[in-house]
Amino acid sequence: MLPNKPAQLLGKVPQLLSKVPQLLSKVPRRAWRWLVRIALLALVIPLLLQWIIAYLVGDDARILPPQLLAAKNLLIVTAHPDDECLFFSPSILGVLDRNKAVTGGLLVMSTGNNYGIGETRRQELLGSCKALGILEKRCVALDDAALQDSPTVWWDTALIESIVDKHVKKWEIDAIITFDEGGVSGHINHRAVSAAVSNYALKNPNAPVAFALTTTALPRKYTILGDLPLTALPFFWRILAALTFPTSTATTNGGERALVANTWHRYLLTRDAFAQHSSQYTWDRHLYMVVSRYVWFNDLKRLPTNADQPQ
């Protein structure tokens, strides 16, 4: 009979734990002081950055490009109901809350009917839109046979492009926010939406400016604010300039990227929006609404447009 190695290892755990205090006592006091300082910096720096970006420089043109801040009609394009608050809420609230003249629109390519509760999720979406400040008449979840929620099916990007174009014209959209090529979570439907909007922005000369939410590596996704210093690094000089010489007009190095952070109030609105998706509010989603960087801040990159191509 083979020995039960897992059981043997578990049996040694109490013995190993009993040695921890002895090992810790051997750490020099000087090393402890440095460890405490590093831990404090790791806590304070992200909190300070969050406060600066959310409350002090968030409406500066070098941090939030004028194409978004001055948009009259903003369109967020997602794949499933709840994407808007799981991933995009800092961007949505950061734009709509700063400029009350902006009208927000949410275009969701499916009802999220993978488990047969599409109509329930469509109704939940309306509650989320209300919490995020998006009018019900511009809160749309489609139910096209070719665009059904599926973790294995690549959607028809040409169809998505035509749908986006229709709503851009109908709602007079002048700015779009959507997924980047990684789709944040890697979901195949997310990536199809990204491919469609990217191609629409690139090929259509009348397409409005479009920004994509940056996908990060898995270890960076669930660090609350811990990833903010790394994310904000490319914005370092812009943040300093915004603190010193604020501006609401475009700059030579602005407009390509955006960094948006939730204030505490907007974070609570994000939680309220997701609470409307009661069918999706499982224990792991409770945890997600605390630890995910995407409910605290967003960094966006501008998608290439038809005008960027050499003539």
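Provided above is the structure to which this section pertains.
About the cut-offs
Residues numbered from 1 in each chain as written. Predicted model: local features only at pLDDT ≥ 70, side-chain atom pairs only at ≥ 80, totals over all residues. Heavy atoms only, no water. Helix = DSSP H or I, 4+ residues; strand = E, 2+ residues; numbered from the N terminus. 1 Å grid on protein atoms, 1.4 Å probe; cavity = no way out; pocket = protein on both sides within 12 Å on 5 of 7 lines; lining within 4 Å. Points joined across faces, edges and corners; volume = space filled by probe spheres on them. Nonpolar A, V, L, I, M, F, W, Y, C, P; charged D, E, K, R; others polar. Core = buried A, V, L, I, M, F, W, Y, C linked by side-chain atoms within 4.5 Å. Buried < 20%, exposed > 50% of the residue type's maximum accessible area, 1.4 Å probe, protein only. Contact = heavy atoms within 4.5 Å. Expected span 1.5 Å × (residues − 1). Arc of directions from axis to C-beta. Pairing = 2+ DSSP bridges. Axes fitted to C-alpha atoms, helices over the stretch in contact; angles between N-to-C directions. Phe/Tyr/Trp six-rings, centres within 6.5 Å; stacked < 30°, edge-to-face > 60°. Parallel < 35°, antiparallel > 145°, perpendicular 65-115°, else oblique. Left-handed = near helix turned anticlockwise from the far one by under 90°. Right-handed = clockwise from strand over helix to strand, strands pointing away.

All right, on to unusual backbone geometry then. The backbone phi angle of Asp82 is positive, close to 95°, even though this residue is not glycine. Turning to its location among the elements, Asp82 is positioned in the loop between β1 (73-78) and α5 (83-86).

The next thing to look at is the environment of Gly226. Assignment of secondary structure puts Gly226 in the loop between α10 (218-221) and α11 (228-232). Taking C-alpha positions, Gly226 is 7.4 Å from Ala42, a pair spaced 184 residues apart along the chain.

Okay, the layout of surface pockets next. What the largest pocket holds in volume is close to 400 Å³. Breaking the lining of the largest pocket down by element, the ones donating at least two residues are α5, α10 and α14 (283-291). By volume, the second largest pocket amounts to about 220 Å³. Taken together, Ile45, Leu48, Leu49, Ile52, Pro229, Ala232, Leu233, Phe236, Ile239, Leu240 and Leu243 make up the lining of the second largest pocket. When contributions to the lining of the second largest pocket are tallied by element, the ones reaching two or more residues are α3 (29-56), α11 and α12 (236-244). Partitioned by chemical class, the residues of the lining of the second largest pocket number 11 nonpolar, no polar and no charged.

Before going further, it helps to examine the nonpolar core. Counting residues in hydrophobic clusters, the biggest one holds 83 residues, and the most contacted among them are Leu68, Leu74, Phe87, Met109, Val164, Ile176 and Val193. Not counting chain neighbours up to four residues away, the residues in contact with Phe87 comprise Phe179, Val184, His190, Leu213, Tyr288, Tyr294 and Asn298.

In an α-helix, one full turn covers 3.6 residues, which means residues spaced three or four apart are oriented alike. Helix length check: helix α9 (residues 188-203), at 16 residues, gives a terminal C-alpha distance of 22 Å against a target of 22 Å (1.5 Å per residue), a fit within 8%. Taken together, the buried positions of α9 are occupied by Ile188, Asn189, His190, Ala192, Val193, Ser194, Ala196, Val197, Tyr200 and Ala201. As for α9, its buried residues are in contact with β1, α5, α8 (157-171), β4 (175-179) and β5 (209-213).

This part is about α12. Considered for burial, the residues of α12 that qualify are Arg238, Ile239 and Ala242. Down the axis of α12, the smallest arc covering the buried residues is 100°, so these residues share one side. Away from its buried face, by an angle of more than 90 degrees, α12 presents the exposed residues Trp237 and Thr244.

Judged by pairing direction, the sheet is mixed, and its 7 strands sit side by side in the order β3-β2-β1-β4-β5-β7-β6 without closing on themselves. Two strands lie at the open edges of the sheet, namely β3 (139-141) and β6 (257-261), each paired on one side alone. Averaged over all pairs of adjacent strands, the angle between their axes in this sheet comes to 20°, without regard to strand direction. Pairing of β5 with strand β7 (residues 297-302) involves 3 bridges; the strand directions are antiparallel. Following the sheet pairing, Leu213 is matched in β7 by Leu300. Its contacts with the sheet put α8 on β1, β2 (103-108), β3 and β4, and the angle it makes with β2 is roughly 160°.

Scanning the model with the defined rule gives 10 aromatic pairs in all. Here the aromatic rings of Phe87 and Phe179 are separated by 6.1 Å at their centres, their planes lie at 70°, and the arrangement is edge-to-face. Residue Phe87 is located in the loop between α5 and α6 (89-96), and its partner Phe179 is located in strand β4; the two are separated by 92 residues in the primary sequence. Both residues of the pair, Phe87 and Phe179, count as buried.

In contact at an axis separation of 10 Å, α6 and helix α13 (residues 264-275) are set at 125° when each is read in the N-to-C sense. As judged from the angle between their axes, α6 and α13 are oblique. Judged by the sense of rotation from one axis to the other, the crossing of α6 with α13 is right-handed. Across the interface between the two elements, Ser89, Leu93 and Gly94 of α6 pack against Arg266, Leu269 and Thr270 of α13. Across the contact of α6 with α13, the residue classes tally to 2 nonpolar, 3 polar and 1 charged.

Among the 6 residues in β2, 5 count as buried, and that is most of the element. Looking at chain direction, β1 and β2 are connected through 6 bridges and run parallel. The residue of β2 that forms the bridge with Asn73 is Thr103. Pairing of β2 with β3, which is carried by 3 bridges, proceeds in the parallel orientation. Bridging from a neighbouring strand, Leu106 pairs with Cys139 of β3. For the crossover from β2 across helix α7 (residues 118-132) to β3, the handedness is right-handed.

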